[in-house]
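Okay, here's what each chain looks like letter by letter:
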Amino acid sequence: TPRPASASGSPAVAVKQSSSVAKKPFWKRNKKPRPTAEDRDPRIIAIDEDEHKKYCDNAYYHRRHPVGFFYQTYLVYVRSLIQQKRNLSVLLSDCVMVAACAILIGFLFRSKDLDSLDTVNFLITLSVGLTATQSSLKVFGAERVEFWREASSGMNRLSYFIGKNLAHMNFVVVAPAVYTLIYVPIRQPRADSATIYSILLMGQIACTGLGLFIAAFAAPKKAQLAGAMTALLLNMVGGTNPQIPQLNDMGPIGVFAYSISYSRYMTEALTAAETYQLPPVFDVMKAGINVQFTWVCTKDQLNWDLGLLGAVASVLYTLAFLGMIGLHRDKQR
């Protein structure tokens, strides 16, 4: 019996075509036609032509309105608090470092000898600078990509900056309290606890701004080293050693160095807090401190130094925000 011929006249082609039909996958067999729009949504049939035209022309479209500035700040603040709660061990480790510095300095200088006052205050400012700077690097250093994503989606960048810093204020307020509660009972300084806490708090805020500034400009892998080196250098030009008269001899560079140093104002404030309540018999010693370090041991100078620490913090916070929004602008669009 002859084989059935195909359209081309070749029996082999006909057999090959029949075998390909038999090997068709099961999910392609008896495939039903795709339903039309009216079959998927029968309610469209009941709408008259005018109403349907309104839907097609987006007559019922409501433009999306973003939330306000304060509500965005609140959302970022709450989200940051949740992140801190989930990483509570990081906050506790930072508080342990602060407590360790307070214990070490308190036991090393338990005597109330005024000759070592400059060394004690230098170490206090250095410890506050190192701990505050390292903790503030984590506020934006690890969330650069998230900040860029939120900014590109339309979030107000100032709201993001304020919300994150408000959440970090928990550590900014707690760290000086931990330092004061441990340092004061051990060393028993002449200044009262409230004054010491206020000085440490303003120094903490200034050093937090320093950490934010470094995190905005430095690479995340190098930010910790840059923060530690910057805090150390600012303490070295704070007026303790070398002293301010020696820095004045360096010209405008030396004057600019100790003028922008938080350590210069924090050390003077701590010295004034220890000495301004001393009786008149110590006036000669106060005059010697003024000649050697150019520190003024009065209560007015203490309040002035606290204000200058606030000014330094404001400048650093502003520069940090400008650095965040000015750098990598292509990733924020």
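Residues numbered from 1 in each chain as written. Predicted model: local features only at pLDDT ≥ 70, side-chain atom pairs only at ≥ 80, totals over all residues. Heavy atoms only, no water.

1. Here we look at the overall build of the chain
Filter applied, for reference: Numbering of helices and strands starts at the N terminus; helices are DSSP runs of H or I of at least 4 residues and strands are runs of E of at least 2. A simple rule labels every residue: compare its accessible area, found with a 1.4 Å probe on the protein chains alone, to the largest value its type can have, and call it buried under 20%, exposed over 50%, or partly exposed in between. The contact criterion used throughout is that any non-hydrogen atoms of two residues lie within 4.5 Å. Every accessible area reported is derived by Shrake-Rupley at a probe size of 1.4 Å, with residue values counting cover from the shown protein chains alone.
Looking only at helices and strands, the chain has 16 helices and 0 strands in total. Counting the 333 residues in the chain, one finds 40% classified as buried. Long-range contacts, defined as pairs at least 24 residues apart, comprise 79% of the intrachain contacts of the chain with a sequence gap of at least 6. For the chain, the accessible area works out to roughly 19,800 Å², and carbon and sulfur atoms hold 63% of it.

2. Quick notes on the confidence of the model for the chain
The line we're drawing: Along the chain, pLDDT gives the predictor's confidence residue by residue, from 0 to 100.
Per-chain confidence: the chain averages 81 in pLDDT, with 80% of residues scoring 70 or above. Mean pLDDT per element in the chain: helix H1 (residues 11-22) is the minimum at 48, and helix H10 (residues 193-217) is the maximum at 92. Note that pLDDT drops below 50 for residues 4-8; the model gives that stretch 5 contacts with residues more than four away or on any other chain. Counted against residues more than four places away or in other chains, residues 10-21, with its pLDDT under 50, gives 6 contacts.

3. Points about the side chain of Thr 180
The condition is simple: Within 3.5 Å is the distance limit for a polar contact, defined as a pair of N or O atoms, with the added protein rule that one can donate a hydrogen and the other accept it, and that residues adjacent in sequence qualify only through two side-chain atoms.
Relative to the assigned elements, Thr 180 resides in helix H9 (residues 157-187). A relative accessible area of 6% places Thr 180 in the buried class. A polar atom in the side chain of Thr 180 sits 2.8 Å from the backbone oxygen of Pro 176.

4. Some thoughts on the packing of aromatic side chains
The test is simple: Any pair of Phe, Tyr and Trp rings, taking the six-membered ring for Trp, is counted once the centres come within 6.5 Å. Such a pair is stacked with planes under 30 degrees apart, edge-to-face with planes over 60 apart, and tilted for the rest.
Here the structure, examined in full by the defined rule, presents 8 aromatic pairs. Between Phe 140 and Tyr 160 the ring centres are 6.2 Å apart and the planes differ by 45°, which places this aromatic pair in the tilted class. With Phe 140 in helix H7 (residues 117-140) and Tyr 160 in helix H9, this pair connects stretches of sequence that are 20 residues apart. Tyr 160 carries the same exposure label as Phe 140, and that label is buried. The structure contains a cluster of three or more aromatic residues connected by ring pairs, namely Phe 140, Phe 147, Tyr 160, Phe 161 and Phe 321.

5. Some thoughts on the nonpolar core
As a rule of thumb, nonpolar side chains are buried together in soluble globular proteins. Selection criterion: Residue types Ala, Val, Leu, Ile, Met, Phe, Trp, Tyr and Cys, when buried and joined through side-chain atoms within 4.5 Å, form a set referred to as a nonpolar core.
Of all hydrophobic cores here, the largest spans 59 residues; its most connected members are Ile 124, Phe 161, Tyr 179, Tyr 183, Ile 199 and Tyr 262. Counting only elements with at least two residues in this core, the list comes to helix H6 (88-108), H7, helix H8 (144-152), H9, H10, helix H11 (223-236), helix H14 (262-275) and helix H16 (299-326). Sorting elements by how many residues they give to this core places H10 first, with 12 residues. Apart from residues lying up to four places away in sequence, Ile 199 is in contact with Met 266, Ala 269, Leu 270, Ala 273, Leu 302, Leu 306 and Leu 309. Within the second largest apolar cluster, 7 residues are counted, among which are Ile 244, Tyr 258, Trp 295 and Cys 297.

6. With respect to unusual backbone geometry
With omega at 5°, the peptide bond leading from Asn 241 into Pro 242 counts as cis. For Gln 188, which is not glycine, the phi torsion reads 55° and is therefore positive. Considering the arrangement of structural elements, one finds Gln 188 in the loop between H9 and H10.

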